[in-house]
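One letter stands for each residue in the lines below.
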Amino acid sequence: MPEVSDESTSGAAVSRRGLLAGAGAVAVTALGAGVAAAAAVPDAAVFGPVTVRPGDPRYDNLLRGNNFRFAGRPDEIRVAGSTDQVVRAVSEAVRSGRRVAVRSGGHCFENLTADPAVRVLLDLSPMDAVGYDAGRRAFAVQPGATLGHVYRTLFKGWGVTIPGGSCPEVGAGGHFAGGGYGPLSRRYGSVVDHLYGVEVVVVDRDGTIRAVVATREPDDPNHDLWWAHTGGGGGNFGVVTRYWLRSPDSTGTDPAKLLPASPRRMLQHAVLWSWEHMTEQALSGLLRNFGTWHERNSAPGSPYAGLYGILLLSHRAGGTVTLVAQIDADLPDADRMVTGFVSAVTAGVDLTPALDIRRTIPWLHRMTWPGSGEPGDVINRRYKIKAGYLRRSFTESQLAAVHRNLTNSTGGPDSGMLLIGYGGQVRAVAPGATAIAQRDVVMKAVYQTIWGDEKDDAANLAWVRHFYREVYADTGGVPVPGEVNDGSYINYPDADLADPTWNTSGVPAHTLYYKDNYPRLQRVKARWDPRNVFQHALAIELP
């Protein structure tokens, strides 16, 4: 399975200059427009394999992923360029009894691929082919392809897209397997709602390593393996070496009709307020209004399903609170809907914006801008991110906890939280149809802190952990599914949810992530990874 989590929240640090470029969701060469390839690009004449061990000048450079807090010391890093190379690498690791972990883009929020127990790190970044597979009537995407590469290729070749994340450097591998969402999800659903099939390298009970193809076809004998990759998360069942994407309601053989049409332009409106005049009443008003709007406008088919909103609240030390609205500029009444959204969120809030900008920009430019949505920068990239789904607005006690923690003396300038619009077409899919159980939700909440020096680890971790625990104080410090909360998102993995120090609810982490889908995921695990080769701190456990 590609990397356990390969997704970025976005809008971590917002500046006036970077606001319109950087605010978003916290996403083989193109075969050419209209060209129908006989099959996905074959595995011949590809990169690798390469084995990098300690002492090799490349070793330290290949260790770290996006979060600089974590860097393991595996015996070797295997850089693979094909399915056959992955089969060989997994075979050698299993035969030698060494634990293997897989990385595609490197955006794992926890140390799930950098655990000291991992002795073989399998790097799939060279496997980045994106093309049209006429034989399967679907688009083939390898796990190392970044979201930016996927968007560019699909757009340039066929004018189509997927509703993935806003960070163009995230790898498709973990992003797809964990569900995948982004600015178009309210309109088109999750990425996995368009997943037709997967190719997975698995380990049988007798130790045989082989590549298996599983599709959403109901009569496919491997259908359960496909289902597990529609939100079950990475690092659980095997190594995904290829995804196939085709919308479930698509017909015909024209590639330009098999995935959602890509928007031509994006209208974005950003309103920024200074913390200098931000009272508790004003902050709670913004949060409450944002939630109420999403409660009222997040049904499947809603005329507002194309509007994607984000509320970015820095800690007071960061200085700003920002509201962002994004919409396909060519949707009917797009301008009016954005105006109505901003008015609804700011209603009754007595604040004067420090910045109020509305711009229309090319969609592809926005979705592929380098660095968009990345937490921190090339030097300052230590972070901890926690998350929770919301079925409705925060309660009054939760709102008070948010204000208290965003104004305390321990938070830093790059600490804060995001409320991200969700729902819409996501809610049109039954909870058991894919492995994503949280279908009846309208928002995602993200709590984050970003810093640069190892000496500041303890203080930053303490701040975000206490913040999260106070918001969910009524349910044991975690978002236990109920009237308001609905668990968390596996692509924002948080090992604290499995730690009784921080989760005192009695509800296990796997319930928070998978709810009633967990027993089925365990059955898939038993069939496809019976030897428990693929494991990590939040892994699906054998039944």
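Residues numbered from 1 in each chain as written. Predicted model: local features only at pLDDT ≥ 70, side-chain atom pairs only at ≥ 80, totals over all residues. Heavy atoms only, no water.

Chemist: I'd like to hear about the overall build of the protein, residue by residue, with values.
Modeler: In terms of helices and strands, the protein carries 14 helices and 16 strands. Since a compact globule built from 543 residues should have a radius of gyration of about 24 Å, the 22 Å found for the protein is in line with a globular shape. Referenced to the eigenvectors of the C-alpha coordinate spread, the extents of the protein come out at roughly 65 × 50 × 45 Å. Going through the 543 residues of the protein one by one, you find that 62% of them count as buried. Put simply, the protein shows about 18,700 Å² of open surface, and 50% of that area lies on carbon and sulfur atoms. For the protein, the centre of its 54 positive side-chain charges and the centre of its 54 negative side-chain charges are spaced 2 Å apart. (Helix = DSSP H or I, 4+ residues; strand = E, 2+ residues; numbered from the N terminus. Rg over C-alpha atoms; globule rule 2.2 N^0.38 Å. Buried < 20%, exposed > 50% of the residue type's maximum accessible area, 1.4 Å probe, protein only. Areas by Shrake-Rupley, 256 points an atom, 1.4 Å probe, with all protein chains shown as cover. Lys, Arg positive; Asp, Glu negative; His and termini not counted. Charge placed at Lys NZ, Arg CZ, Asp CG, Glu CD.)

Chemist: Just give me the short version of the confidence of the model for the protein, but keep the residues and values in it.
Modeler: Keep in mind that low pLDDT regions are not for reading the predicted coordinates in detail. Per-residue confidence for the protein gives a mean pLDDT of 92, with 91% of residues at or over 70. Within the model, the stretch residues 8-44 combines pLDDT values under 50 with 126 contacts to residues more than four positions away or in other chains. (pLDDT = per-residue confidence, 0-100. Contact = heavy atoms within 4.5 Å.)

Chemist: For unusual backbone geometry, give the residues involved together with the corresponding values.
Modeler: Of note, the amide linkage connecting Gly-48 to Pro-49 takes the cis form, showing an omega dihedral of 0°. Along the chain, Pro-49 turns up in the loop between α1 (19-22) and β1 (50-52). If you check the backbone angles, Arg-137 has positive phi at about 55° while not being a glycine. Along the chain, Arg-137 falls in the loop between β5 (130-133) and β6 (138-141). For Asn-532, which is not a glycine, the phi torsion comes out positive at approximately 55°. Mapping Asn-532 onto the fold places it in the segment after α14 (518-528).

Chemist: Run through helix α11 (residues 396-406), naming residues and quoting values.
Modeler: For an α-helix the count is 3.6 residues per turn, leaving residues at separations of three or four pointing the same way. Along α11, the residues that are buried comprise Gln-398, Leu-399, Ala-401, Val-402, His-403, Asn-405 and Leu-406. Check the buried side of α11 and you find it contacts α8 (280-296), β11 (308-314), β15 (415-421) and α12 (457-471).

Chemist: Explain the packing of aromatic side chains to me, and be specific about the residues and the numbers.
Modeler: The full count for this structure, using the stated rule, is 21 aromatic pairs. Consider the rings of Trp-293 and Tyr-304, whose centres lie 5.7 Å apart with planes at 85°: the pair is edge-to-face. Of the two residues, Trp-293 is situated in helix α8 and Tyr-304 in the loop between α8 and β11; the sequence distance between them amounts to eleven residues. One exposure class covers both Trp-293 and Tyr-304, and it is buried. Where Tyr-513 meets Tyr-514, the ring centres are 6.3 Å apart and the plane angle is 55°; that geometry is what we call tilted. Three or more aromatic residues joined by ring pairs form one cluster here, namely Phe-109, Tyr-181, Tyr-383, Tyr-389, Tyr-422, Tyr-489 and Tyr-492. Between the NZ or CZ atom of Arg-136 and the centre of the ring of Trp-244, over which it lies, the distance is 4.6 Å. Here Arg-520 stacks its cationic end above the ring of Trp-227, 3.9 Å away from the centre of that ring. (Phe/Tyr/Trp six-rings, centres within 6.5 Å; stacked < 30°, edge-to-face > 60°. Lys NZ or Arg CZ within 6 Å of the ring centre and 35° of its normal.)

Chemist: Help me get a handle on helix α3 (residues 83-95), residues and values and all.
Modeler: For α3, built from 13 residues, the straight-helix expectation of 18 Å at 1.5 Å per residue is met to within 8% by its first-to-last C-alpha distance of 18 Å. Taken as a whole, α3 has its buried residues at Thr-83, Gln-85, Val-86, Val-87, Ala-89, Val-90, Ser-91, Ala-93 and Val-94. On the buried face of α3, the contacting elements are β2 (76-79), β3 (100-103), β4 (120-123), β7 (195-203), β8 (209-215) and β9 (239-245). Immediately beyond the C-terminal end of α3, within one or two residues, lies Gly-97, with a positive phi of roughly 70°. (Expected span 1.5 Å × (residues − 1).)

Chemist: Describe the sheet that holds β1, and please don't skip the residues or the numbers.
Modeler: Read across the sheet, four strands follow the order β1-β2-β4-β3 without closing on themselves; strand pairing throughout is mixed. Both edges of this open sheet fall to β1 and β3, since each of them pairs with a single strand only. Direction aside, the axes of adjacent strands within the sheet are offset by 20° on average. Sheet contacts for α3: β2, β3 and β4; angle to β4, the most-contacted strand, approximately 175°. (Pairing = 2+ DSSP bridges. Axes fitted to C-alpha atoms, helices over the stretch in contact; angles between N-to-C directions.)

Chemist: Got a sec to walk through the environment of Asp-328? Specific residues and values, please.
Modeler: Mapped onto the fold, Asp-328 is located in strand β12 (residues 320-328). According to the relative accessible area criterion, Asp-328 is buried, its value standing at 8%. The contacts of Asp-328, once residues within four sequence positions are left out, are Arg-187, Pro-263, Arg-265, Gly-306 and Ala-334. Side-chain polar atoms of Asp-328 contact the side chain of Arg-187, separated by 2.9 Å. (Polar contact = N/O pair within 3.5 Å; in protein donor to acceptor, adjacent residues only side chain to side chain.)

Chemist: Help me get a handle on the UniProt feature "domain: FAD-binding PCMH-type" (unreviewed entry) in the protein, residues and values and all.
Modeler: Taking the UniProt record as the reference, the feature "domain: FAD-binding PCMH-type" (unreviewed entry) is found at residues 70-250. As annotated, residues 70-250 has a helix share of 23% and a strand share of 24%, and its two end C-alpha atoms lie 42 Å apart. (UniProt positions renumbered as here; feature names shortened; annotations may be inferred.)

Chemist: Talk me through the sheet that holds β9; I want residue IDs and the actual numbers.
Modeler: Adjacent strands of a sheet form backbone hydrogen bonds with each other and so pair up, either parallel or antiparallel. Ordered in space as β5-β6-β9-β7-β8, the five strands form an open sheet in which the pairing is antiparallel. Of all the strands in the sheet, the pair left with one neighbour each is β5 and β8. Pairs of neighbouring strands in the sheet enclose a mean axial angle of 25°, with direction left out of account. One ladder, built from seven bridges, connects β7 with β8; its direction is antiparallel. Its bridge partner lying in β8, Val-198 is registered against Ala-214. Packing against the sheet, helix α4 (residues 147-158) makes contact with β5 and β6, and its axis sits at approximately 45° to β5.

Chemist: How would you explain the pattern of salt bridges if you had to name every residue and give the values?
Modeler: Here the structure, examined in full by the defined rule, presents 33 salt bridges. Ionic pairing is found between Arg-439 and Asp-193, a salt bridge with its closest N-O pair at 2.7 Å. Note that Arg-439 is positioned in the loop between β15 and β16 (443-451) and Asp-193 in the loop between α6 (185-188) and β7, a separation of 246 residues in sequence. Judged on exposure class, the residue Arg-439 and its partner Asp-193 are both buried. With a closest N to O distance of 2.7 Å, Arg-391 and Asp-440 form a salt bridge. Remark: Asp-440 occurs in the loop between β15 and β16 and Arg-391 occurs in the loop between β14 (382-390) and α11; sequence separation between them is 49 residues. When its relative accessible area of 31% is taken as the criterion, Arg-391 is described as partly exposed. A cluster of three or more residues bridged by salt bridges with shared partners is formed by Arg-53, Asp-75, Glu-76, Arg-78, Glu-92, Arg-98 and Arg-119. (Salt bridge = Lys/Arg side-chain N within 4 Å of Asp/Glu carboxyl O.)

Chemist: If you had to explain the packing of α11 against α12 to someone new, which residues and values would you point to?
Modeler: Any two packed helices are characterised by how steeply their axes cross, that is the angle between the axes, and by the distance between the axes. The contact between α11 and α12 brings their axes to 8 Å, and the two run at 160°. Classified by the angle between their axes, α11 and α12 sit roughly antiparallel to one another. Of the two possible hands of crossing, α11 and α12 adopt the one that is right-handed. Listed contacts from α12 to Gln-398, Ala-401, Val-402, Arg-404, Asn-405 and Leu-406 of α11 are Trp-463, His-466, Phe-467, Glu-470 and Val-471. When its residues are assigned to classes, the contact of α11 with α12 shows six nonpolar, three polar and two charged. (Parallel < 35°, antiparallel > 145°, perpendicular 65-115°, else oblique. Left-handed = near helix turned anticlockwise from the far one by under 90°. Nonpolar A, V, L, I, M, F, W, Y, C, P; charged D, E, K, R; others polar.)

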